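Geometric and topological summary
Residues per chain, in single letters:
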Amino acid sequence: EIAKLPKETLALWEKYGADESDDKESFQKSFIRHVTTTLARSIYNIDNFSAYQATAHSVRDRLIKRWNETQQTHTEVDSKRVYYLSLEFLLGRSLDNALLNLGLKDNYGGGIKELGFTMEDVLEQEVDAALGNGGLGRLAACYMDSLATMDYPAWGYGLRYTYGIFQQRLKDGYQIEFPDYWLNFDNPWELPRLDVVVDVQFCGSVNRYTDEEGHERYAWEGGDTLQAIAYDVPIPGYGTKNCINIRLWSSKPKRQFDLTRFNEGQYEQAVYEQMQAENITAVLYPNDNHMVGKELRLKQQYFWVAASLFDIVRRFKKSEKPWSNFPLQVIMDKIHTHPTLAIVELQRILVDLEGIGWDEAWAIVTQTFAFTNHTILPEAMERWPVPMIQYLLPRHMQIIFDINLFFLQKVEKAIPNNRDLLAKLSIIEESTPQFVRMAHLAIVGSHRVNGVAALHSELIKQTIFKDFIQFYGESKFENKTNGITPRRWLHQANPKLSELITETLGSKNWLKNLDLLKGLKSHVNNKDFRKRWVAAKLSNKVRLADYIQKATGVTVNSNALFDVQVKRIHEYKRQFMNILGVIHRYNTLKKMTSEERACVVHRVVIFGGKAAPGYYIAKLVIKLINSVAEVVNNDNSIEDSLKVVFIPDYNVSVAEIIIPASDISQHISTAGTEASGTSNMKFVLNGGLILGTVDGANIEICEEIGDDNIFMFGNLAHQVDDLRHAHRYRSVPVDPSLQAVINDIESGQFGDSRIFAPLINTLTHGKDYYLISDDFQSYLDTQKLVDESYKDQEGWTTKSIMCSAHMGKFSSDRAIQEYADQIWEIKPVPVMTKKHI
Ligand code: Z15
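Model, not experiment: these values are computed from the prediction.

1. So, the overall build of the protein
Along the backbone of the protein there are 34 helices and 24 strands. Computed over C-alpha atoms, the radius of gyration of the protein comes to 28 Å, within 12% of the 28 Å expected from 2.2 N^0.38 for 837 residues, which places it in the range of a compact globule. C-alpha extents for the protein along the principal axes are approximately 95 × 75 × 60 Å. In the protein, buried positions account for 47% of the 837 residues. For the protein, restricting intrachain contacts to residue pairs at least 6 apart in sequence, the fraction spanning at least 24 positions comes to 77%.

Dropping the structure here:
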């Protein structure tokens, strides 16, 4: 097509489209141009925020060029693409990341200084893009970074929530929530695609008809139609031209106003219904690992799936290949069960709209989808009432029943006369009302299923998906251990350590090949290297201490041991056990003499994390932490040997300050409950040790770094069932240290104890579902080991270096490589640089 353009046109593009350079002067020119034109300001009224905006726009210009070249290359090569469907992308800030990935940081840093600003101040201005709850959403962001860095032709698809995860503030020690209106100012990191619009239908009815060839067909008609508008978020790779895209959909009412209603005088009703359309993408549901069966959530899921599939199918059809090629061109990874309706939607498109026979269509569908499971917690399993789906998506409900029928027929044929098995495998739960089990639908409609850490992938085969093994065998189920991007989580968050590593290893290659960190081992006895390693940690601790002072008003000593637990507040993650341990420590310290206390390692125990707004017990844990902090921090008698802080509003940017500063971090979920965990990887990569249970990725981290460099404790996953069973016959915890701590709380040492009664209750009366009493003693013992080890500072430094050196496996590059080679079957497509056309 380009060839058809007149020579003069091409010449103009050649002349004016040349790359803007990346040197300091070019940046300053574009900065000033953006201040004066984009922002319409003058030299007299630029503050840090406008400086941020101008810098961001300058980077955006460069991103868009790469983005265009990438899309053109992908269109031309037209190889198989992977579509990563996730309801959450927890990206955090973009400016620093883009500057580093594009290699602009030094020139821009110098340039901004001469303009009268500091890079740190400018970076601070950006609000986080917080379109996710926790691990699941942040994993999606890390994977996009790796896909871009490794030149894969990949797209992310998600929703553009007007409100991201709520902001957390504390009042009297309680969490309160504030809306996260992150689009208050213009967002330079998205490209509105007002021309990319997809109609999405809800409700209506299904009509059967006979087509010209005499085939029985179904048409979904009537109902409400609204529109999905695309907003594209460019994701630049590190050290490559590749810049991939996350397409986020925003809902809008369809422009055609309901004229009949309008004319009938029901103006307000008509306007109200239009407003409802915008509601769909208004807010991210703030629950992590917990399903709340709200109709609006189901609408979000279908809205997102329908718009994304329409877009993907449209792209496929451009290439004019036969439908049988679809799975050779397209692979979609379903992140959790959230996009499971995509299976049904694709089957509907193929059968109802394209007129393909059921079996042929179903073969295409199952080849197209892969399913990644991220949890085995029962409360996180998605189930939707059949009547709700029937009402919102009548044709989809029929198709689900048909998928189930054909599936169960196959099972019956393979394993005859096993009604019990049929009931267990059925996609439909035969309760009143009936429910659709989304995980079952996801398994049946995907050719591959994987878990996210070795233990988790074993557990899904032994527990939630056990019955499916009988039918499918084991080969459909596999493991892909999670990973994290070293670009954001070391290079960006910990510049001092990154610089030291680069100098020591002689190049930056480790940022693209994390296994090279092994090279640090031969320097472990080098005095100068060790000194700088320790100095980097200390300066990160000073930075965090400053942040703590600002955010909480508490002064902490940077020479104390920093003990960190930051993650969503959830009973299974056992922040409760941590704070109970703190109380134990506090009361032990109080009983000591001054001389005894002089020998004790000083600790700063740092908590952070959000509780789902409706999660009462989790919110009480936050209150307890703050009540304990209040007492401990104001008790001069323990002479600063212990401080407790709860850092409010934990998010990606705060994590970037906390993680590099940790000496030890806690990952202490009840064995078998944390599918993987990914912050554990971030801490260890930054030379922080971990205290953890034998759960999720902790196990594989231990395998890599060796048991000398990690503190593991507690019961094992296979013991959990029996332990839980034993609790039913106990009314009080058996552990005496735990009982003592409970008594302390009940005595009113931390304020009105009645407040905490519901929390204490979770441990007693035959409950303690998360087995705190079973692990408490070994937890305390292991904490003692931590204290002892920390006294040996040289030994600790060696451990810290050894930790980082062995973390190569946990790069998200490794994880993406495995997905690409073994599940998605996609190949890198390096961007072909054409000048600009
Ligand atoms: C979530 O953050 C995770 C799993 C889920 O099913 C939902 Cl709904 C949210 C987390 C896991 O809890 C965590 O262990 C894992 O590392 C992360 O997903 C990424 O796989």
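We are not done yet, so read on.
2. So, the site of the ligand
Every one of the 19 residues lining the ligand counts as a neighbour, but Gly135, Leu136, His374, Thr375 and Ser676 are closest to it. Built from parts of two domains, the shell around the ligand gets at least three residues from each of domain 2 (78-93 + 128-481) and domain 3 (486-810).

3. Points about the nonpolar core
Soluble, globular proteins show a tendency: their nonpolar side chains are buried together. Counting residues in each nonpolar core, the largest one holds 223 residues, and the members touching the most others are Ile625 and Val628. Residues contacting Ile625, with those up to four places away along its chain left out, are Ile579, Phe607, Val644 and Phe646.

4. Concerning the UniProt feature "modified residue: N6-(pyridoxal phosphate)lysine" (unreviewed entry) in the protein
In the numbering used here, UniProt assigns the feature "modified residue: N6-(pyridoxal phosphate)lysine" (unreviewed entry) to Lys682. For Lys682, the position within the fold is in helix α27 (residues 679-685). Ignoring anything within four residues of it in the chain, the contact list for Lys682 reads Ile484, Trp489 and Ile659.

5. Remarks on the sheet that holds strand β15 (residues 428-429)
Sheet architecture is open: three strands sit in the order β14-β16-β15, paired in antiparallel fashion. Where the open sheet ends on each side, the last strands, each with one partner, are β14 (383-385) and β15. As paired strands, β15 and strand β16 (residues 435-437) are joined by two bridges and run antiparallel to one another. Counterpart to Ile428 in the pairing with β16 is Val436.

6. With respect to helix α10 (residues 295-318)
Helix length check: α10 (24 residues) gives 35 Å between terminal C-alpha atoms against 34 Å at 1.5 Å per residue, within 8%. All buried positions along α10 are accounted for by Lys299, Gln300, Gln301, Tyr302, Phe303, Trp304, Val305, Ala306, Ala307, Ser308, Leu309 and Ile312. Downstream of α10 by one or two residues, Glu320 has phi in the positive range, about 55°.

7. A word on the pairing of strand β4 (residues 154-159)
In terms of burial, β4 is a largely internal element, six of the six residues being buried. Side-chain alternation along β4 places Ala154, Gly156 and Gly158 on one buried face and Trp155, Tyr157 and Leu159 on a second face that is also buried. Examined bridge by bridge, strand β1 (residues 81-85) and β4 share four bridges and lie parallel to one another. Following the sheet pairing, Tyr84 is matched in β4 by Gly156.

8. Quick look at the domain arrangement of the protein
Looking at the protein, the domain boundaries give domain 1 (17-77 + 96-127), domain 2 (78-93 + 128-481) and domain 3 (486-810). At the junction of the two partners, domain 1 supplies four residues and domain 3 supplies four residues.

9. Here's the deal with the sheet that holds strand β13 (residues 369-372)
Reading across the sheet, the nine strands line up as β7-β10-β11-β4-β1-β12-β13-β17-β18 and stay open at both edges, with mixed pairing between neighbours. Strands at the two margins of the open sheet, each flanked by one partner only, are β7 (191-202) and β18 (477-479). Pairwise comparison of adjacent strand axes, ignoring direction, gives a mean angle of 25° for this sheet. One ladder, built from three bridges, connects strand β17 (residues 448-451) with β18; its direction is parallel. The residue bridging Asn450 from the neighbouring strand is Glu478, located in β18. Of the strands in this sheet, β1, β10 (224-236) and β11 (243-253) touch helix α3 (residues 48-77), which is tilted by about 95° from β11.

10. Side note on helix α21 (residues 495-505)
By the burial criterion, the buried members of α21 are Leu497, Ser498 and Ile501. Within α21, the buried residues cover an arc of 100° as seen down the axis, which keeps them to one side. If you follow the buried residues of α21, they end up packed against α20 (486-492) and α22 (527-552). After α21 finishes, the residue Gly506 shows a positive phi value of roughly 85°.

11. Looking at the pairing of β17
Looking along a regular strand, one sees side chains alternate from face to face of the sheet. Side chains Arg448 and Asn450 of β17 all project onto a buried face; the interleaved residues Val449 and Gly451 project onto the opposite face, where all are buried too. Pairing analysis gives three bridges linking β13 to β17, with the strands arranged parallel. Looking at β17, one finds that Thr372 is bridged to Asn450.

12. So, the environment of Glu382
As for its placement among the helices and strands, Glu382 is situated in the loop between β13 and β14. Through-space distance from the C-alpha of Glu382 to that of Lys254 is 30 Å; in sequence the pair is 128 residues apart.

13. Describing the packing of helix α2 (residues 24-38) against helix α5 (residues 105-114)
The interhelical angle for the contact between α2 and α5, taken along N-to-C directions, is 55°, at an axis separation of 8 Å. Regarding the angle of α2 to α5, the classification is oblique. The interaxial crossing formed by α2 with α5 has right-handed handedness. Note on element contacts: α5 touches α2 through Asn107, Tyr108, Gly110 and Gly111, opposite Lys24, Phe27 and Gln28.

14. As for unusual backbone geometry
Note that the residue after Thr432, namely Pro433, is joined by a cis bond; omega there is -5°. Tracing the backbone shows Pro433 in the loop between β15 and β16. Residue Asp151 is not a glycine yet carries a positive backbone phi of 65°. Along the chain, Asp151 falls in the loop between α7 (135-149) and β4. Judged by C-beta crowding, with 19 C-beta atoms within 10 Å, Asp151 ranks as partly exposed. Even without being glycine, Asn289 reaches a positive phi, approximately 60°.

15. What to know about the environment of Glu474
With respect to the secondary-structure elements, Glu474 resides in the loop between α19 (466-472) and β18. Under the C-beta neighbour-count criterion, Glu474 is labelled exposed, with 9 such atoms within 10 Å. Each C-alpha atom, one on Glu474 and one on Lys461, is 7.9 Å from the other, the two residues being 13 residues apart in sequence. Non-local contacts of Glu474, meaning those with residues more than four positions away in its chain, are made with Lys461 and Ile469.

Conventions and cut-offs
- Residues numbered from 1 in each chain as written.
- Predicted model: local features only at pLDDT ≥ 70, side-chain atom pairs only at ≥ 80, totals over all residues.
- Helix = DSSP H or I, 4+ residues; strand = E, 2+ residues; numbered from the N terminus.
- Rg over C-alpha atoms; globule rule 2.2 N^0.38 Å.
- Buried ≥ 20, exposed ≤ 12 C-beta atoms within 10 Å, placed from the backbone.
- Contact = placed C-beta atoms within 7 Å.
- Near = placed C-beta within 6 Å.
- Domains from an automatic or database assignment.
- Core = buried A, V, L, I, M, F, W, Y, C linked by C-beta atoms within 7 Å.
- UniProt positions renumbered as here; feature names shortened; annotations may be inferred.
- Pairing = 2+ DSSP bridges.
- Expected span 1.5 Å × (residues − 1).
- Axes fitted to C-alpha atoms, helices over the stretch in contact; angles between N-to-C directions.
- Arc of directions from axis to C-beta.
- Parallel < 35°, antiparallel > 145°, perpendicular 65-115°, else oblique.
- Left-handed = near helix turned anticlockwise from the far one by under 90°.

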